[in-house]
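Summary of the model geometry
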Amino acid sequence: MFAVKTAGAADGADVAALTPEKVELLRGIFWDMCTVSSEIKTVEHPASGDTAAWSEEVLFISISAKTAEEMRTTYALTEFQSQSLNELLAQMDTLGSLLGDLTISQADALELLQALPADLAPDRRAVVETACKLVGKVNYFWGGKSLVLGWDSRWGTLREVTAAGNSTTDTYRPYGLDCSGFVDWVFYNITGGEYVIGHGGGAHAQHTYCTAISWEEAQPGDLVFYPEDSHVGIVGGRDENGNLLIVHCASGANNVVITGLEGFTSIGRPLYYRV
């Protein structure tokens, strides 16, 4: 057990400078507060076109942290320390508002938006701009949905994964969105809450509300899908070589990211654009 001293107290530690000793102390406290577990699972990928079925081993790492109340008991906080913790928790709304800033700041997102065609239809531009607001800001969460205009206050808070069918089911992790939840949030927000492209379903349902098009017809705002609709993303534009760029909430990156077309095998045009 570490001897805990509070910054600002009479015998408190100086926290202005992170010396090597303080870094080691923080590292020790972190590992004391968190439980890390891991497991290796085999993920099966179905055959698609000329590609045979294949499998890969994926390492899943979970980190579980002590709650504020557990901290009080485990570290036997003094009255002063407990009061300081209460004051910090009282400021979570303010901290959350800073985390929930929807200003587009990621360099790759800004570059993508700057490269959009000047004559792109306003509704398509709105889809891409809204999708870019979450790049790098929202964790992947299996079964995560959000029909909220703007930032969802639940994002980033520790929640149990209750949706079945995933290695993370029944574990606790920061709440966020899954791939179809991200796409739903985007269309819900550009319409002021009037349109949910999946109509309550997942990626497959979203695909059924699209018209099949060729890759040559792809425009920013169209949707792309993995085989068997196991994943969905939004066409964001093209890179300098003309290759498609996709905005999607990816489990591998545990965030909303902009990537190339790898893994996506079909494309559809949302019926929304005809409305």
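Reference entry: report on the structure contained in this document.

1. What about a nonpolar patch on the surface?
- On the surface, F30, W31, V36, I40, L59, I61 and I63 cluster together into a nonpolar patch covering about 710 Å² of accessible area.
- Only helix 1 (20-33), strand 1 (34-45) and strand 2 (54-65) provide two or more residues apiece to the nonpolar patch.
- Note on V36: relative accessible area 39%, which makes it partly exposed.

2. What to know about the environment of E160
- Looking at the element boundaries, E160 is found in strand 3 (residues 158-160).
- Between the C-alpha atoms of E160 and P174, which are 14 residues apart in sequence, the distance is 8.6 Å.
- Sequence-distant contacts of E160, that is, excluding residues within four places in its chain, are made with F141, D170, T171 and Y172.
- Within the local environment of E160, its side chain forms a polar contact with the side chain of Y172, the two groups lying 3.5 Å apart.

3. Considering the nonpolar core
- Core analysis: the biggest nonpolar cluster contains 40 residues, and F182, F187 and L223 have the highest contact counts within it.
- Where this core is concerned, the elements lending two or more residues are helix 5 (107-114), helix 6 (122-132), helix 7 (179-190), strand 6 (223-225), strand 7 (232-238), strand 8 (244-250) and strand 9 (255-259).
- Counting residues per element, this core draws most heavily on helix 7, which supplies six residues.
- For L223, the contacting residues outside a window of four places in its chain are V183, F187, I197, C210, V232, G233, I234, S266, I267, G268 and P270.

4. Focus: the side chain of T169
- As for its placement among the helices and strands, T169 is situated in the loop between strand 3 and strand 4 (172-174).
- Polar side-chain contacts of T169 include one of 3.0 Å to the backbone oxygen of N166.
- Sequence-distant contacts of T169, that is, excluding residues within four places in its chain, are made with W142, V161, T162, A163 and A164.

5. As for the packing of aromatic side chains
- Enumeration according to the criterion identifies nine aromatic pairs in this entry.
- Consider the rings of Y226 and F264, whose centres lie 4.8 Å apart with planes at 65°: the pair is edge-to-face. Residue Y226 is found in the loop between strand 6 and strand 7, and its partner F264 is found in the loop between strand 9 and strand 10 (266-270); the two are separated by 38 residues along the sequence.
- For F264, a relative accessible area of 5% puts it in the buried group.
- With a centroid separation of 5.6 Å and 65° between ring planes, the pair formed by Y272 and Y273 is classed as edge-to-face.
- Classification of Y272 by relative accessible area gives buried; the value is 14%.
- Looking at Y273, the relative accessible area reads 16%, which means it is buried.

6. Some remarks on the pattern of salt bridges
- Applying the stated rule across the entire model yields seven salt bridges.
- Measuring nitrogen to oxygen at the nearest pair gives 4.0 Å for the salt bridge that ties E39 to K41.
- Given a relative accessible area of 38%, E39 falls into the partly exposed group.
- Under the relative-accessibility criterion, K41 is labelled partly exposed at 31%.
- Among the salt bridges present, the one from D178 reaches K145, with a minimum N-O distance of 3.0 Å. Remark: K145 occurs in the loop between helix 6 and strand 3 and D178 occurs in the loop between strand 4 and helix 7; sequence separation between them is 33 residues.
- Given the relative accessible area of 32%, K145 is considered partly exposed.
- One connected set of salt bridges, linked through shared partners, spans R124, D222 and R269.

Quick notes on the rules
Residues numbered from 1 in each chain as written. Predicted model: local features only at pLDDT ≥ 70, side-chain atom pairs only at ≥ 80, totals over all residues. Heavy atoms only, no water. Patch = residues over 30% accessible without salt bridge, like charges linked within 9 Å, V, L, I, M, F, W, Y side chains within 5 Å. Areas by Shrake-Rupley, 256 points an atom, 1.4 Å probe, with all protein chains shown as cover. Salt bridge = Lys/Arg side-chain N within 4 Å of Asp/Glu carboxyl O. Helix = DSSP H or I, 4+ residues; strand = E, 2+ residues; numbered from the N terminus. Buried < 20%, exposed > 50% of the residue type's maximum accessible area, 1.4 Å probe, protein only. Contact = heavy atoms within 4.5 Å. Polar contact = N/O pair within 3.5 Å; in protein donor to acceptor, adjacent residues only side chain to side chain. Core = buried A, V, L, I, M, F, W, Y, C linked by side-chain atoms within 4.5 Å. Phe/Tyr/Trp six-rings, centres within 6.5 Å; stacked < 30°, edge-to-face > 60°.

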